[in-house]
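Okay, here's what each chain looks like letter by letter:
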Amino acid sequence: MSIKAKIVLLSFVALGALLLGISVGGASVSPSDIARVFGNKLFGTPVPDGFDRIITGLIWNIRLPRVLLSFIAGAALAVSGAVIQSVLKNPLASSYTIGVSSGAGLGAVIVIVFGISSGVLGMFLMPLVAIVFGISTAFLSILFASRIERNLENYSIVLMGMVLSVFANAVMMTLASKHSRHAQQILAWQLGSFALKDWPVTGIVFVTACIGIFILTSYSKEMDILTFGDENAAAMGIDVRKTKWTLILLPAVLTGVSVAFVGVIGFIDLIAPHVIRRFFGSSHKFVVPLSGLFGGMFMVLADLIARLAALPSEIPVGSVTALIGAPFFAYIFLKNRR
C-alpha cells in the first residue's frame, strides 16, 4: 500500500473515532442526530419538529467539546513525543523525560494545597501555573545541560530532566502527604480526565496545538539532518544548539498546555511516534503530523473506554493509556536491547 493510501486510511479511521466518541456513551445518539445538530449549529438548518433539545445539548455542549479536546490533547502529546525522541535520539524519550509533567504537576499541587485563587483568572489560574512550572522545568533541564555540555549532548538533557523530575515529584508527594484532605483531588488531576471540559478550554488547547504542530512540522528537514549526528548537522549548516533549544522547548509548551488543562496522561507520546515510524518510515515530514493524527485518534478511543468501562461513573483516562502503554514501553525497551 502506498503512503498516500495509508494516510487516507488513517484519516478515515481517525474520523470514525471522532464520530464514535460523539455518538457512544451513557446515552447513545445516532449519526443522523449528530448530522442534524451540526447542520443547525454550523449552517442554521432547521431541526425537525419535536427534536429533543436534550440531545442537542448533549452533543454540542458536552460530547463535542470533550471529544475534540481529547483529540487535540492527544495530537499535541504525540507530536511532542515524536520530536523529543528525534532530537534526543532515544526511542523511550518524551516531554516527560525532561520534566515537563512533573513540573506541571508540582504547579497544580501548589495551587490545590495552598488554595491559591484569582478573581481575574478564575478557573484558568491552575492551568496557567501548571504551564509555567512545566515549561520552567524543561528550561532548567536544558540550561543545566548546557552548563555541562555546551553542545547540549543528549544524555545530559535526559539526566538533568530525570533529576528535576525526581525533585519535583518528591516535593509534590511531601505536600500531598502533609495536606491529606486534598489527596483525592490531587490524585484525580494526576491521572487525567476530559470530564466537564467546555469550549473555552478546547479553544485554548486547539490554538496552541495548531501553532505548535505547524512550527514543528516546518523543522522536519532539520530533524532529518540531526538524526545523522550533531557534527554532521553542523557541517551541513544547522545551528545545532539553537535548533535543539527550539525543538525541546516547543514540545514542552505543547505538553505543558495539554497537561495543565486535562491532567497528566502518559504513554501517548511514546506509542504514537513508534506506530507511525513503523508504517510510514522515518521522514519527519510524515512522522510529525501523522503522529498527531494517530495520537488524537488513540486518545479519543482511550477516553471512550474510560467513559464506558465503569458506567455510570468513569475511570481516569490516564489509567487506560497506562494499561496499554506500559506493556508497549516494555516491548520497545526489550526490542532495543536485543
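Quick caveat, the model's predicted, so the values are computed rather than measured.

**Details of the overall build of the chain**
Next up, step 1: Check the secondary structure of the chain and you find 14 helices and 0 strands.
Next up, step 2: Listing every helix and strand of the chain by position from the N terminus yields α-α-α-α-α-α-α-α-α-α-α-α-α-α.
Next up, step 3: Against the 2.2 N^0.38 benchmark of 20 Å for 338 residues, the chain shows a C-alpha radius of gyration of 21 Å, consistent with a compact globule.
Next up, step 4: Sequence separation of 24 or more characterises 76% of the internal contacts of the chain that already satisfy a separation of 6 or more.

**Focus: a nonpolar patch on the surface**
Next up, step 1: A grouping of F206, V207, I211, F214 and I215 is seen on the molecular surface, where their side chains present a nonpolar patch of about 490 Å² in accessible area.
Next up, step 2: Within the element layout of this structure, I215 appears in helix 8 (residues 199–218).
Next up, step 3: For I215, a relative accessible area of 31% gives the class partly exposed.

**Some details on the packing of aromatic side chains**
Next up, step 1: The full count for this structure, using the stated rule, is 4 aromatic pairs.
Next up, step 2: Taken together, a centroid distance of 6.0 Å and an interplanar angle of 90 degrees make the contact between F38 and W60 edge-to-face. Here F38 is found in helix 2 (residues 31–43), whereas its partner W60 is found in helix 3 (residues 53–88), with 22 residues between them in sequence.
Next up, step 3: Where F139 meets W245, the ring centres are 5.5 Å apart and the plane angle is 55 degrees; that geometry is what we call tilted. Separated by 106 residues along the polypeptide, F139 in helix 5 (residues 125–148) and W245 in helix 11 (residues 240–262) bring together distant segments of the chain.
Next up, step 4: Look at F139 and you get partly exposed, because its relative accessible area is 37%.
Next up, step 5: Members of the aromatic cluster, each reached through a chain of ring pairs, are F38, W60 and W199.
Next up, step 6: Positioned above the aromatic ring of F279, the side-chain terminus of R278 is 5.3 Å from the ring centre.

**Observations regarding the pattern of salt bridges**
Next up, step 1: Throughout the structure, instances matching the rule amount to 4 salt bridges.
Next up, step 2: Where D33 meets R36, a salt bridge forms, and the shortest distance between an N and an O atom there is 3.0 Å. With D33 and R36 both in helix 2, this residue pair falls 3 residues apart, about one helical turn.
Next up, step 3: The buried category is assigned to D33, whose relative accessible area is 13%.
Next up, step 4: Using a relative accessible area of 35% as the deciding quantity, one classes R36 as partly exposed.
Next up, step 5: When the shortest N-O distance is used, the salt bridge between R66 and E314 registers 2.8 Å.

**Concerning the packing of helix 3 against helix 11**
Next up, step 1: Following both chains from N to C, one finds helix 3 and helix 11 inclined at 150 degrees, their axes separated by 9 Å at the closest point. Here helix 3 lies roughly antiparallel to helix 11, going by the angle between them. Between helix 3 and helix 11 the crossing geometry is left-handed. Residue-level contacts link L69, A73, A76, L77, V79, S80, V83, I84, V87 and L88 of helix 3 to K244, L247, I248, P251, L254, T255, S258 and V262 of helix 11.
Next up, step 2: The residue inventory of the contact of helix 3 with helix 11, partitioned by class, reads 14 nonpolar, 3 polar and 1 charged.

**Details of unusual backbone geometry**
Next up, step 1: In this model, F267 sits at a positive phi of 80 degrees, which is unusual for a non-glycine residue.
Next up, step 2: Looking at the element boundaries, F267 is found in the loop between helix 11 and helix 12 (268–280).

**Some points on helix 13 (residues 284–308)**
Next up, step 1: The end-to-end C-alpha distance of helix 13, which contains 25 residues, comes to 35 Å, matching closely the 36 Å that a straight helix rising 1.5 Å per residue would cover.
Next up, step 2: Where helix 13 bends most, at L290, the angle is about 25 degrees.
Next up, step 3: Here helix 13 lies mainly inside the structure; 19 of its 25 residues are buried.

Criteria and thresholds
Residues numbered from 1 in each chain as written. Predicted model: local features only at pLDDT ≥ 70, side-chain atom pairs only at ≥ 80, totals over all residues. Heavy atoms only, no water. Helix = DSSP H or I, 4+ residues; strand = E, 2+ residues; numbered from the N terminus. Rg over C-alpha atoms; globule rule 2.2 N^0.38 Å. Contact = heavy atoms within 4.5 Å. Patch = residues over 30% accessible without salt bridge, like charges linked within 9 Å, V, L, I, M, F, W, Y side chains within 5 Å. Areas by Shrake-Rupley, 256 points an atom, 1.4 Å probe, with all protein chains shown as cover. Salt bridge = Lys/Arg side-chain N within 4 Å of Asp/Glu carboxyl O. Buried < 20%, exposed > 50% of the residue type's maximum accessible area, 1.4 Å probe, protein only. Phe/Tyr/Trp six-rings, centres within 6.5 Å; stacked < 30°, edge-to-face > 60°. Lys NZ or Arg CZ within 6 Å of the ring centre and 35° of its normal. Axes fitted to C-alpha atoms, helices over the stretch in contact; angles between N-to-C directions. Parallel < 35°, antiparallel > 145°, perpendicular 65-115°, else oblique. Left-handed = near helix turned anticlockwise from the far one by under 90°. Nonpolar A, V, L, I, M, F, W, Y, C, P; charged D, E, K, R; others polar. Expected span 1.5 Å × (residues − 1). Bend = angle between axes of the 7 residues up to and from the residue.

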